[in-house]
Amino acid sequence: MDYDVARHIGAVAREVRACERDGKPARAVIAGRRYDTGIEDAWDALTNGERIPRWFLPIGGDLRLGGRYQIEGNAGGTIIECEPPRRLALSWEFAGTISWVTVTLDEEAQASTRLVLEHVALIDPQFEGFWGQFGPGATGIGWDLSLLGLASYLEDGAGKPPEGDLVWLASENGKAFVGASSEAWRAAAIAFGTDPGQAKEAADRTVQAYTAGG
């Protein structure tokens, strides 16, 4: 399946922000997008274990407040907050690191919902090394793929979730999406205060990692 890259990239608002977590310095990668569906439907798509794999990745575990979840081949963690149909927060544990993801939904009209996703990580030596090498795109491109999958699913209910579609990611359309997403996150990094040259080098490395140099 080919996606309208310009439309989907342009639909997302991106921001990098300094913040705190548990009184410690942290950094947030934030992505927001509007969906043409009611807030109850959007919430169900985000939290229903039968619907999540249709736009994201297979997930297992205890999908309720305080429960542990595990995404197949990806992160696991604990559901920290669950306030239907507006707020979901969870820990994001991957490769020996822990960060935090919060999703908020706001109903803009009867059949229009705005989703804002915030992914926060503490600033420690490991984070600084990773951020310096790849910038916000390492996290941001993955979430752009997830928001794309959700948009495609809510619009027509068909298609393979792009996050796990390695064949599509290796296609020209997939590479175009990853490249455009990386450029958008490079702009967000520069707006945050990153040196433009460093931001470009990090964005190029991130594209290389996502496309395996293809």
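Residues numbered from 1 in each chain as written. Predicted model: local features only at pLDDT ≥ 70, side-chain atom pairs only at ≥ 80, totals over all residues. Heavy atoms only, no water.

### A word on the nonpolar core
Here's step 1: Counting residues in each nonpolar core, the largest one holds 47 residues, and the members touching the most others are Trp92 and Leu115.
Here's step 2: Of the residues forming this core, the biggest block, eight residues, is contributed by helix α5 (residues 137-156). (Core = buried A, V, L, I, M, F, W, Y, C linked by side-chain atoms within 4.5 Å. Buried < 20%, exposed > 50% of the residue type's maximum accessible area, 1.4 Å probe, protein only. Helix = DSSP H or I, 4+ residues; strand = E, 2+ residues; numbered from the N terminus.)

### Topic: the sheet that holds strand β3 (residues 59-61)
Here's step 1: With antiparallel pairing, eight strands are arranged side by side in an open sheet as β1-β2-β8-β7-β6-β5-β4-β3. Bordering the open sheet on either side are β1 (13-21) and β3, each of which pairs with just one other strand. The average undirected angle you get between the axes of adjacent strands in this sheet is 25 degrees.
Here's step 2: Pairing between strand β5 (residues 76-83) and strand β6 (residues 87-94): five bridges, direction antiparallel. (Pairing = 2+ DSSP bridges. Axes fitted to C-alpha atoms, helices over the stretch in contact; angles between N-to-C directions.)

### Quick look at the side chain of Arg33
Here's step 1: Here Arg33 lies in strand β2 (residues 24-35).
Here's step 2: Salt bridges are absent for the buried Arg33, whose nearest opposite-charge side chain, Glu155, sits at 4.3 Å.
Here's step 3: One polar contact links Arg33 to His8, side chain to side chain, over a distance of 3.0 Å.
Here's step 4: Once residues within four sequence positions are removed from consideration, Arg33 is found in contact with Arg7, His8, Ala11, Val12, Thr113, Arg114, Leu115, Leu147, Leu148, Ala151 and Glu155. (Lys, Arg positive; Asp, Glu negative; His and termini not counted. Salt bridge = Lys/Arg side-chain N within 4 Å of Asp/Glu carboxyl O. Polar contact = N/O pair within 3.5 Å; in protein donor to acceptor, adjacent residues only side chain to side chain. Contact = heavy atoms within 4.5 Å.)

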